[in-house]
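One letter stands for each residue in the lines below.
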Amino acid sequence: MRIALILFFFFFQAEDGIRDAQESRGLGDVYKRQPTSVGFMLSHCVHQVPERSSSLRMPDGSHHVTPPDGLEPFTLPPCNTSLFGAELPMLLPADYDGWLAYTALNTSRVGLVSGSGFDRFTNTMSVPDLPESRPDILYLFPGLQNQDWIPKHDPESQGAGFDIIQPVLQYPGGFLSQGWSLKSWYVTLDAGALHTTGINGIQPGDAVLCNMSKAGEDSWSISGSLKSDPKKVTTQTAQKSRLSVQPWAYNTVECYGCNGCSTYPKNPVVFTENALWQDGVVVESGDKWVVDPKPAAKLECKEAVTVHPNGDTVMSFQ
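**So, the overall build of the protein chain**
For the protein chain, the helix and strand inventory stands at 1 helix and 25 strands. Sorting the 318 residues of the protein chain into buried and exposed places 55% on the buried side. In the protein chain, 67% of the contacts between residues at least 6 apart in sequence involve partners at least 24 apart. For the protein chain, the exposed area adds up to about 13700 Å²; of that, 55% sits on carbon and sulfur atoms.

Put into structure tokens, the structure is as follows:
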């Protein structure tokens, strides 16, 4: 029985999170951490939610989650980031490479009213070949944020009140997953992160139809579906007051443990048909995207970004 319980715990950790949680250093190594798409986070603050769930951030910091199909709602506890009265920092691991290539676009660059946000972002993200060597985790994603905070480049203290919504293609995707995995993420620094069960075994040559759409005054639907089979969808809806304005859009390559070109695909990842909306109207954004405005301190494989006049974006390696 003891052996069975240990095996079950290992399987749950590898499949539920993004990788096995790692111990934080200091304060007695009481808490463990695990990677997310914006850096290392306390593992008890990272939660998997059922597909098509809706979450609502409560005043006490907890999340009330409503699964689909009449399943019983449940509450996720607040993300406690302190221990014995001391705040626990994010503590990015030594092998966290950060955002190694990305493009950014703010509402101000496309002539929208200052302080306003987008209400929809869609694009198509290609699925490249698998890296020859496995990184700890490689993330590819479009995303919307409420502020221009870039992990590793910007201090954690500047990320107070930060959030990002994103459909994320990741490799490796889980303990038993072959190929890429796709998950829908909602991540904050102060309230934890929620991700869906996701789609495993996505093959190179496919593409992901990404869609982040406002579902209410302060709620968003975050989804990704496969071009080869649009019925394969991963999606969640997140509601929180500060989600009312999302003025920053990104396309990104992020990595933990990339070590040279072998931990990257040989083919580029391409983001096409980038479309942003405000008040139901498509915003002209083709040549407004900015390449690596806060560049990585160290590249791993000559990462390069090309933005075409129509906004199609190619992120290449090698």
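**Notes on the packing of aromatic side chains**
Taken as a whole and assessed by the stated rule, the structure comprises 11 aromatic pairs. For the ring pair Y264 and F317, a centre distance of 4.4 Å and an interplane angle of 10° mean the geometry is stacked. Here F317 lies in the segment after β25 (313–316) and Y264 lies in the loop between β20 (248–256) and β21 (269–278), a separation of 53 residues in the sequence. One aromatic cluster in this structure is built from W99, Y102, F141, W248 and Y250.

**Notes on the side chain of K240**
Tracing the sequence through the fold places K240 in the loop between β19 (233–239) and β20. In contact with K240, other than residues within four places in its own chain, are R57, Y186, T188, D190, A191 and D218.

**Quick look at the confidence of the model for the protein chain**
Across the protein chain, the average pLDDT comes to 85, with 81% of residues at 70 or higher. A low-confidence stretch, residues 1–31 stays under pLDDT 50, and its non-local contacts, those more than four residues away or across chains, total 62 contacts.

**A closer look at the state of the cysteines**
Considering all chains together, one arrives at 3 disulfides under this definition. A sulfur-sulfur distance of 2.0 Å marks the disulfide that ties C255 to C258. Around the S-S axis, the bridge from C255 to C258 shows a dihedral of about 85° and counts as right-handed. Each member of the pair, C255 together with C258, is buried. Paired by a disulfide, C261 and C301 hold their sulfur atoms 2.0 Å apart. As the torsion about the S-S bond is roughly 100°, the C261-C301 disulfide counts as right-handed. Residue C261 is located in the loop between β20 and β21, and its partner C301 is located in the loop between β23 (290–291) and β24 (304–307); the two are separated by 40 residues in the primary sequence.

Cut-offs used in this document
- Residues numbered from 1 in each chain as written.
- Predicted model: local features only at pLDDT ≥ 70, side-chain atom pairs only at ≥ 80, totals over all residues.
- Heavy atoms only, no water.
- Helix = DSSP H or I, 4+ residues; strand = E, 2+ residues; numbered from the N terminus.
- Buried < 20%, exposed > 50% of the residue type's maximum accessible area, 1.4 Å probe, protein only.
- Contact = heavy atoms within 4.5 Å.
- Areas by Shrake-Rupley, 256 points an atom, 1.4 Å probe, with all protein chains shown as cover.
- Phe/Tyr/Trp six-rings, centres within 6.5 Å; stacked < 30°, edge-to-face > 60°.
- pLDDT = per-residue confidence, 0-100.
- Disulfide = S-S within 2.5 Å.

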